[in-house]
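A look at the structure
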Amino acid sequence: MTKQDGEGWGVNTRLAHTGHSPRDYFGFVNPPVVHASTVLFPDAATMAGRNQKYTYGTRGTPTTDALASAIDALEGSAGTIIVPSGLAAVTVPLLAFLAAGDHVLIVDSVYRPTRIFADTMLRRLGVEVEYYDPRVGAGIASLMKPNTSVVFTESPASNTFEMQDIPAISAAAHAGGAIVMMDNTWATPLFFKPLDFGVDISIHAATKYPAGHSDVLLGAVSANQATWDRLHEAFLTLGCCAGPDDVYQVLRGLRTMGVRLDHHQKSALAIARWLEGEAGVARVLHPALESFPGHAIWKRDFSGSSGIFSIVLAGGGERQAHAFLDALKIFGLGYSWGGYESLAVQVFLGDRVIAKGPYEGPVIRLQIGLEDIDDLKADISTGLSAARAA
Ligand SMILES: *Cc1c(COP(=O)(O)O)cnc(C)c1O
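These lines cover the structure that appears in this document, whether it is placed above or below. Bear in mind that the values here come from a model prediction, so they are computed numbers and not experimental data. (Residues numbered from 1 in each chain as written. Predicted model: local features only at pLDDT ≥ 70, side-chain atom pairs only at ≥ 80, totals over all residues. Heavy atoms only, no water.)

With that settled, consider the overall build of the chain. Each helix and strand in the chain was counted, giving 12 helices and 12 strands. Here the C-alpha atoms of the chain give a radius of gyration of 22 Å, agreeing with the 21 Å that 2.2 N^0.38 yields for 390 residues. The C-alpha extent of the chain, read off along each of the three principal axes, is 75 × 50 × 35 Å. Taken across its 390 residues, the chain has 55% of its residues classed as buried. For the chain, the proportion of contacts with a sequence separation of at least 24, taken over those separated by at least 6, is 71%. Of the roughly 16300 Å² that the chain leaves accessible, carbon and sulfur atoms contribute 54%. (Helix = DSSP H or I, 4+ residues; strand = E, 2+ residues; numbered from the N terminus. Rg over C-alpha atoms; globule rule 2.2 N^0.38 Å. Buried < 20%, exposed > 50% of the residue type's maximum accessible area, 1.4 Å probe, protein only. Contact = heavy atoms within 4.5 Å. Areas by Shrake-Rupley, 256 points an atom, 1.4 Å probe, with all protein chains shown as cover.)

Take a look at the structure:
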């Protein structure tokens, strides 16, 4: 066994050693950050045949290869493309596999910018867009049409965390001749490996846990053997390659992702359990809680939970939600998540057609960072008191 394949290794060993073989570059532990457009050829015949490993910066470099192969090792994929943002990791595969006249099924609780892309650009390109209930399971078979070419999943759901039955959905989608894409950003390949559950294409906002420091935007899309060539061709055709410094930062982040996630997981779960008994909280939406409706699916398929979940305030509206948010001192008010610092945001569900509640009050999403739990609890308590007083 070579260091590169890492078969049989535990996940933290693989995170530490996959993606780059130090002997490939003078023994340096980390790969070089290759800044490149032009790649030179030794002679005209090699150039005419493009007969060497690297040919132009948009098509890949040793830096992008290092990250892509590290992610392949985690996902069990045939190939991975690296794109400039998590949103590009959603749009590129959809553009790769959809054409005018096709029908796409997208989970209604999807990451909102994915929905905006589908409702604007996909519809304009002549794709029939339909949203389905995240709890549909095998029932998705009845929504399949002869022209359904893609079923797009995200589990747990953005913001409200409904769990999808990925094996059942994948089986029905394949029976109907569609391929299955999954936005797996919440779990990372450490807690869920989509390709082992029937998904064809696994999507990640590497901006989140892989990068881990709220300072880099990046996306990754990993394909099985059947879908890799078409995904890769679309990536080359669209020219949406990522900058080498960002790619390097994400490879650097991957090395510590296991230990960071371990901490995020423990803190988030401890705080979620505590919040279940706090005054002013109607419900806690966290798939690893026994009280959560999708808990059985999470337990069956996932091997861990990450650091983001939501709470539903017991009544009230925007005034209470704003009072909660404005009272927070440690939690920042901001989008995104997966970084070392805690964040809070009021969830908007206004454009959903199915998975929109009812909820007892405002839904507030919490990203639990790496701070000390007692400090975070005290901060949330202050917020809850402010909401009750509002
Ligand atoms: C953040 C996020 C994205 C987009 O990532 P960006 O790098 O911010 O564009 C996609 N999907 C999910 C589920 C996300 O949370």
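This part covers the sheet that holds strand E1 (residues 79-83). Strands sit in the order E1-E7-E6-E5-E4-E2-E3 across an open sheet of 7 strands; the sheet is mixed. A strand with exactly one partner marks an edge of an open sheet, and here the two such strands are E1 and strand E3 (128-132). Taking the axes of each pair of neighbouring strands and ignoring which way they run, one obtains an average angle of 20 degrees across the sheet. Bridging between strand E6 (residues 201-205) and strand E7 (residues 219-223) involves 5 bridges; their strand directions are antiparallel. What sits directly across from Ser202, in E7, is Ser222. Its contacts with the sheet put helix H4 (residues 86-97) on E1, strand E4 (148-154), strand E5 (179-183), E6 and E7, and the angle it makes with E6 is roughly 155 degrees. Along the sheet face, helix H6 (residues 166-175) touches E3, E4 and E5 and points at about 150 degrees away from the line of E5. (Pairing = 2+ DSSP bridges. Axes fitted to C-alpha atoms, helices over the stretch in contact; angles between N-to-C directions.)

Within this structure, the stated rule accounts for 11 salt bridges. In this structure, Lys145 engages Glu128 in a salt bridge whose closest nitrogen and oxygen atoms are separated by 2.3 Å. Pair noted here: Lys145 is in the loop between E3 and E4 and Glu128 is in strand E3, with a separation of 17 residues, a long-range link. Under the relative-accessibility criterion, Lys145 is labelled partly exposed at 30%. (Salt bridge = Lys/Arg side-chain N within 4 Å of Asp/Glu carboxyl O.)

Here we take up the pairing of strand E12 (residues 363-367). In the case of a regular strand, side chains alternate between the two sheet surfaces. Extensive coverage of E12 is indicated by the burial of 5 of its 5 residues. Side chains of E12 alternate between two faces, with Val363, Arg365 and Gln367 and Ile364 and Leu366 buried alike. Sheet analysis places strand E9 (residues 308-313) next to E12, joined by 5 bridges and oriented antiparallel. Residue pairing for E12: Val312 is matched across the bridge by Val363. Across 4 bridges, the pairing between strand E11 (residues 343-346) and E12 is antiparallel. For Ala344, the partnering residue across the bridge sits in E12 and is Leu366.

One open sheet accounts for 5 strands, arranged E8-E9-E12-E11-E10; its pairing is mixed. Only two strands of the sheet have a single partner each, and these edge strands are strand E8 (281-285) and strand E10 (332-333). Each of E8, E9 and E12 touches helix H9 (residues 244-275); the most contacted strand, E9, lies at about 15 degrees to it.

To continue, consider the packing of aromatic side chains. Scanning the entire structure with this criterion turns up 6 aromatic pairs. Residues Tyr25 and Phe26 carry aromatic rings whose centres are separated by 5.1 Å and whose planes lie at 65 degrees to one another, so their mutual orientation is edge-to-face. Centre to centre, the rings of Trp186 and Phe302 are 6.2 Å apart; their planes meet at 55 degrees, and the pair counts as tilted. Of this pair, Trp186 sits in the loop between E5 and helix H7 (188-191) while Phe302 sits in the loop between helix H10 (295-301) and E9, and the two are 116 residues apart along the sequence. Relative accessible area serves as the criterion here: at 5%, Trp186 is assigned to the buried category. Overall, the relative accessible area of 7% leaves Phe302 in the buried class. Pairwise contacts between aromatic rings join Trp186, Phe192, Phe197 and Phe302 into one cluster. Geometry around Tyr131 places Arg115 over its ring, the cationic atom sitting 4.0 Å from the centre. (Phe/Tyr/Trp six-rings, centres within 6.5 Å; stacked < 30°, edge-to-face > 60°. Lys NZ or Arg CZ within 6 Å of the ring centre and 35° of its normal.)

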